[in-house]
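What follows is the residue order along each chain.
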Amino acid sequence: MSERKYMIDTDENKAFLRENALGLLEFGRRFPSPEGGSYYLGDDGTPWTDRNRETWITCRMAHVYSIGSMMGIEGCKELAEKAIGGLTGELRDTQNGGWYAGRTPEGEPLPMKQCYAHAFVILAASSAYLAGVAGAEELLRDALELYDKYFWNDEEGLAVDTWNTEFTELDTYRGINANMHTVEAFLAAADALHDEKYRDRAGRIISHVLEWAGKNDYRIPEHFTDKWEPDLDMNKDKPDDPFKPYGATPGHGIEWARLTVQWCMSTERNDEIIEKACRLYERAVSDGWNADGAEGIVYTTDWDGNPVVHDRMHWTLAEAINTSAVLYRVTNNSKYAEDYAMFMNYLDSVVLDHSTGSWYHQLDENNKLKGTVWPGKSDLYHAFQAMLIPYSKVDISIASAIHG
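About the cut-offs
- Residues numbered from 1 in each chain as written.
- Predicted model: local features only at pLDDT ≥ 70, side-chain atom pairs only at ≥ 80, totals over all residues.
- Heavy atoms only, no water.
- Helix = DSSP H or I, 4+ residues; strand = E, 2+ residues; numbered from the N terminus.
- Rg over C-alpha atoms; globule rule 2.2 N^0.38 Å.
- Buried < 20%, exposed > 50% of the residue type's maximum accessible area, 1.4 Å probe, protein only.
- Contact = heavy atoms within 4.5 Å.
- Areas by Shrake-Rupley, 256 points an atom, 1.4 Å probe, with all protein chains shown as cover.
- Lys, Arg positive; Asp, Glu negative; His and termini not counted.
- Charge placed at Lys NZ, Arg CZ, Asp CG, Glu CD.
- Phe/Tyr/Trp six-rings, centres within 6.5 Å; stacked < 30°, edge-to-face > 60°.
- Lys NZ or Arg CZ within 6 Å of the ring centre and 35° of its normal.
- Pairing = 2+ DSSP bridges.
- Core = buried A, V, L, I, M, F, W, Y, C linked by side-chain atoms within 4.5 Å.
- Polar contact = N/O pair within 3.5 Å; in protein donor to acceptor, adjacent residues only side chain to side chain.
- Expected span 1.5 Å × (residues − 1).
- Arc of directions from axis to C-beta.
- Axes fitted to C-alpha atoms, helices over the stretch in contact; angles between N-to-C directions.
- Parallel < 35°, antiparallel > 145°, perpendicular 65-115°, else oblique.
- Left-handed = near helix turned anticlockwise from the far one by under 90°.
- Nonpolar A, V, L, I, M, F, W, Y, C, P; charged D, E, K, R; others polar.

Below, the discussion takes up the overall build of the protein chain. Across its full length, the protein chain carries 13 helices and 13 strands. Taken over the C-alpha trace, the protein chain has a radius of gyration of 19 Å; the compact-globule value for 404 residues is 22 Å, and the two agree within 12%. Taking the principal axes of the C-alpha coordinates as reference, the protein chain spans close to 55 × 50 × 45 Å. Across the 404 residues that make up the protein chain, the buried fraction comes to 62%. Within the protein chain, counting contacts between residues at least 6 apart in sequence, those at least 24 apart form 66% of the total. Working note: accessible area of the protein chain is about 15200 Å², and carbon and sulfur atoms make up 44% of it. Averaging the positions of the 39 positive and the 66 negative side-chain charges in the protein chain gives two centres separated by 2 Å.

Across all of its chains, the model carries 21 aromatic pairs by this definition. With a centroid separation of 6.3 Å and 75° between ring planes, the pair formed by Tyr6 and Phe16 is classed as edge-to-face. One end of the pair, Tyr6, is in the segment before helix H1 (11-27); the other, Phe16, is in helix H1, and 10 residues separate them in sequence. The pair Tyr6 / Phe16 is uniform in exposure class, with both members buried. When the centroid spacing of 5.8 Å and the interplanar angle of 75° are considered together, the rings of Trp56 and Trp374 count as edge-to-face. Taken together, the residues span a long stretch of sequence, with Trp56 in helix H2 (residues 55-70) and Trp374 in the loop between strand E13 (362-363) and helix H12 (381-386) at a distance of 318 residues. Following the ring pairs from residue to residue traces out a cluster consisting of Tyr147, Tyr150, Phe151, Trp152, Trp163, Phe167, Phe186 and Tyr198. If you follow Arg51 out to its NZ or CZ, it ends over the ring of Tyr40, 3.9 Å from the centre. A cation sits over an aromatic face here: Lys244 above Tyr173, 4.0 Å from the ring centre.

With that out of the way, let us pick up the sheet that holds E13. Overall, antiparallel pairing links the 3 strands, which are arranged E11-E12-E13 in an open sheet. The open sheet is flanked by strand E11 (298-301) and E13, the only strands paired with a single partner. For E11 and strand E12 (residues 307-313), the ladder comprises 3 bridges, and the chain directions are antiparallel. Within E12, the position partnered with Val298 by the bridge is Arg312.

A few words on the side chain of Arg60. Structurally, Arg60 can be placed in helix H2. In this structure Arg60 comes out as buried when scored by relative accessible area, which is 5%. Setting aside residues no more than four positions away along its own chain, Arg60 makes contact with Tyr116, Phe120, Asp379, Tyr381 and His382.

Counting 137 residues, the largest nonpolar core has Tyr65, Trp256, Phe343, Leu347, Trp359 and Phe384 as the members making the most contacts within it. Ranked by the residues each element gives to this core, the list is headed by helix H6 (residues 176-193), at 12 residues. If we skip the residues at most four places from it in the chain, Tyr65 touches Leu24, Leu25, Gly28, Arg29, Phe31, Cys76, Lys77, Leu79, Ala80 and Leu380.

A few words on the environment of Arg283. Tracing the sequence through the fold places Arg283 in helix H9 (residues 271-288). A polar contact of 3.0 Å, which involves the side chain of Arg283, links it to the backbone oxygen of Asp217.

Turning to H1, a few remarks are in order. Its 17 residues place the ends of H1 24 Å apart at the C-alpha level, agreeing with the 24 Å of an ideal helix rising 1.5 Å per residue. Where H1 is concerned, the buried positions are Asn13, Phe16, Leu17, Asn20, Ala21, Leu24, Leu25 and Phe27. Each buried residue of H1 sits inside an arc of 165° when the element is viewed along its axis, so together they form one side. For H1, the exposed residues set more than 90 degrees away from the buried face come down to Asp11, Glu19 and Glu26.

Quick look at the packing of helix H10 (residues 314-331) against helix H11 (residues 334-351) now. For any two helices packed against each other, the geometry comes down to the angle between their axes and how far apart the axes lie. At a minimum axis separation of 8 Å, H10 and H11 run at an interaxial angle of 155°. Here H11 runs roughly antiparallel to H10, going by the angle between their axes. The chirality of how H10 crosses H11 is left-handed. Contacts from His314, Leu317, Ala320, Ile321, Ser324, Ala325, Leu327, Tyr328 and Thr331 of H10 reach H11 at Ser334, Tyr336, Ala337, Asp339, Tyr340, Phe343, Met344, Tyr346, Leu347 and Val351. Along the lines of polarity and charge, the residues of the contact of H10 with H11 split into 14 nonpolar, 4 polar and 1 charged.

This is the structure:
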């Protein structure tokens, strides 16, 4: 780990991240379908046209290429415009309101209305608005209005999870993953629109999560009943579910730590909250990193910190890169800089696909390619952000940071 390109604040590391950010933007350029919805990308960036065109992936690509546009990268604004066109077009439910989960290859809408996807519409529209994409401001205000109506529960200070397509039946499941991306979306909207209501809401969600984590040795419960009672055994028989895995998800603990710091630093620095964010991160890395004798962060653990699903997901590494950098910025503790260099080394030597581009999305416990949960390379969002956040302001959303 002596190579300077892995060390934070070296010119070599800055160049390494810049090179890989540009490579990711090049890799993903073929994502748009004719209607604007994003195709799922294969191992070499070839669109997999026989898979559903998911709203959340379309949002992520709109977000990424909006940022690319603000970085001055040729062709990115046009790609962002195509993705926003998908969100204002084929993925929007003009009859019932909101956004379908996606479209099938044949063009049929996917059922249900997901909080997760709607949070990403807010994120995408916030970034596209800053990038000057036509129609993005109206899309953002529409998405916030819709979200306020159906997903935000102001009495609880949390978001519900899933409605039926018509918004007439609300599922009893409550989830932390959708609330995590709601925090990200609310902070982005607050920064883009200068509307502090959404920053306050993000703080309310974070307060709940820190309380739950504090009662659970800083392993965050993921799944809840409609009364917000933790369901710690959910999917014990299907532990590698891509959206509702059993047990604790170290990658989410790491991601929550970063979002908590961003929110805290954007309001008024509170060292007690920063300390809790550090504990989330340290619990997750202690449980997840090298937990089975090989590098990488395991996907899930049980409630005692023992690995359950040993696979390494690329997004977990991306968040580890982000959060170690952010915690180093706010604490000046060299431990986090050392972690950052460790994660950078692992990225370069194992997770980066140096032959066809992007990052391997799923590796097994021996760091061999696996495709049971995430075949191909669906989108750029996590990897791309990890190439920018380490050198961006810690108190602002990434699109606003790039916008300046």
